[in-house]
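Report on the structure
Given next are the chains, with one letter for each unit.
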Amino acid sequence: MSSTSDLEQLAEIELEKEEEEDEEDQTCVTDAPSLPPGSTLGPDSSHPYYDVARHGIIQVSGDDRYGRKLIIFSSCCLPPSHQLNHRRLLEYLKFTLDQYVEMDYILVYFHYGLRSSNKPSLKWLREAYGEFDRKYKKNLKTLYVVHPTNFIRIVWNIFKPLISHKFGKKLTYVNYLSELGEHLNYEQLIIPPDVLRHDEKLRAAQKGEPPPSVKTPPARPPLPTQQFGVSLQYIREKNREAMIPPVITQTVTYLKEKGLMTEGIFRRSARVQLIKDVQKLYNLGKPVNFEEFGDVHVPAVILKTFLRELPEPLLTFRVYNQVQDFLNVESSLRITRCKQVVESLPEHNFIVAKYLLSFLHVVSQQSIVNKMSASNLACVFGVNLVWPRHGSISLSALTPINIFTDILIEHFHTVFGSRCPPAQVTP
């Protein structure tokens, strides 16, 4: 049986081998690592961890299909070790996770780009694992390790004595990005260009079988009864001109009756297969009875999933840039600015948004019991109400989205009160 020091030496040798094999592709570790597509130029210099955050190593990609936050760690964005304080990196990782660990979340680790010149020490890894107590581990649903190598497997063996069986079961190795797309919404992931190029190289090297395709197949025409992944207009036309989509009315009605006093409502996920089954029932036009599932988190996840799968966000693409400029608006003028943005929405979007935000305002009023204040709800719903036309939402883009959504919920009556379309519906 190999000693820990032997395994550590073997890990170093494997990493050196991987570097030699990849000599021609040294684009990753530079003084200015490439930022993922869809990310902004980085956080503001006033960010408490600007020295680390500016590299784009850690990104939050909104929610996955089942309402779980996606947090991404990209090794290829790590600068050379002498340019980064790894203790600060650990603090920044905890700072980021602290915003989301009370809800279910997913970690995606892109291994490609780790080099002897930029890798944290194994001592640092031990300290990091030791500092991630139960609060961080209990709501982590899966840790995806993308493009694993022998180095990763050796390091895993080194850490095996420290890692609980329960935590170990959360680890999933992913050899190609196309495999990752089977588990997560590939379009939503913030993937560094270097990782994309590496994946293409790996797939091209495959022999005897066609490389897995990263692209999704052409979409089939939607069913007449389709509810998920189709526009508000399509749903309205197929549902006797109902202004509020059935998924929204049914989940809101049920949650208003059964879920207002549930602690952490909208923070928890539900069984993935169960969510798929409910979506299928809706898309086939079959009745859905949430009482049958005995879990109030099922309709909560279905509501978020419906919003997230709209082809255009409920608040429309046009609003995104206005929301991103929100931090430049004086605090005393932000409610007025919110009101202007919302009142500029097309009538149908405004009516649905008013219905939904009215309900979320009611949820926030019970925050003493359910722990879901307007700001907590904003963290959950912001990314499901507004996103950019191209690319993903970067970590720095989340702050204005959350502040904007917080005001929509907290000051609902002021923001939505003036515009009352004749066709509006209240929950």
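As the structure is a computational prediction, the values presented were derived from the model and not from experiment.

**Digging into the state of the cysteines**
- Tallying each qualifying case throughout the model produces 0 disulfides.
- Not engaged in a disulfide, the cysteine Cys77 finds its nearest cysteine sulfur in Cys76; these two sulfurs lie 4.2 Å apart.

**A closer look at the confidence of the model for the protein**
- Summary statistics for the protein give a mean pLDDT of 82 and a share of 84% for residues scoring 70 or more.
- In the model, residues 24-41 has pLDDT below 50 throughout and makes 54 contacts with residues more than four positions away in sequence or in other chains.
- Counting contacts from residues 211-217, a segment whose pLDDT is below 50, to residues more than four positions away or on other chains yields 13 contacts.

**Description of helix α18 (residues 374-385)**
- With 9 of 12 residues buried, α18 is to be regarded as a mostly interior element.
- Regarding α18, the residues found buried are Ala374, Leu377, Ala378, Val380, Phe381, Gly382, Val383, Asn384 and Leu385.

**Structural notes on the nonpolar core**
- Within the largest apolar cluster, 130 residues are counted, with the highest numbers of intra-cluster contacts made by Leu180 and Phe266.
- Tallying contributions element by element places helix α16 (residues 347-364) first for this core, with 10 residues.
- Among all residues touching Phe266, those that are not within four sequence positions of it are Leu255, Ala300, Leu303, Lys304, Phe359, Leu360, Val363, Met372, Leu377, Val380 and Phe381.

**A word on the packing of helix α13 (residues 297-308) against α18**
- Here α13 crosses α18 at 30°, and the two axes come no closer than 8 Å. One element, α13, and the other, α18, form an angle in the roughly parallel class. Note that α13 runs across α18; the crossing there is left-handed. Of the residues in α18, those in contact with Leu303, Lys304, Leu307 and Arg308 of α13 are Val380, Phe381, Asn384 and Leu385.
- Grouping the amino acids of the contact of α13 with α18 by side-chain chemistry returns 5 nonpolar, 1 polar and 2 charged.

**Observations concerning the packing of aromatic side chains**
- Applying the stated criterion to the full structure yields 13 aromatic pairs.
- Where Phe73 meets Tyr109, the ring centres are 5.9 Å apart and the plane angle is 45°; that geometry is what we call tilted. Separated by 36 residues along the polypeptide, Phe73 in strand β2 (residues 69-74) and Tyr109 in strand β3 (residues 105-110) bring together distant segments of the chain.
- Residue classification places Phe73 among the buried residues on the basis of a relative accessible area of 14%.
- Here the aromatic cluster, defined as three or more aromatic residues joined through ring pairs, consists of Tyr49, Tyr92 and Phe95.
- The ring of Tyr112 carries the charged tip of Arg115 above its face, separated from the ring centre by 5.4 Å.
- If you follow Arg419 out to its NZ or CZ, it ends over the ring of Phe350, 4.4 Å from the centre.

What counts and how
- Residues numbered from 1 in each chain as written.
- Predicted model: local features only at pLDDT ≥ 70, side-chain atom pairs only at ≥ 80, totals over all residues.
- Heavy atoms only, no water.
- Disulfide = S-S within 2.5 Å.
- pLDDT = per-residue confidence, 0-100.
- Contact = heavy atoms within 4.5 Å.
- Buried < 20%, exposed > 50% of the residue type's maximum accessible area, 1.4 Å probe, protein only.
- Helix = DSSP H or I, 4+ residues; strand = E, 2+ residues; numbered from the N terminus.
- Core = buried A, V, L, I, M, F, W, Y, C linked by side-chain atoms within 4.5 Å.
- Axes fitted to C-alpha atoms, helices over the stretch in contact; angles between N-to-C directions.
- Parallel < 35°, antiparallel > 145°, perpendicular 65-115°, else oblique.
- Left-handed = near helix turned anticlockwise from the far one by under 90°.
- Nonpolar A, V, L, I, M, F, W, Y, C, P; charged D, E, K, R; others polar.
- Phe/Tyr/Trp six-rings, centres within 6.5 Å; stacked < 30°, edge-to-face > 60°.
- Lys NZ or Arg CZ within 6 Å of the ring centre and 35° of its normal.

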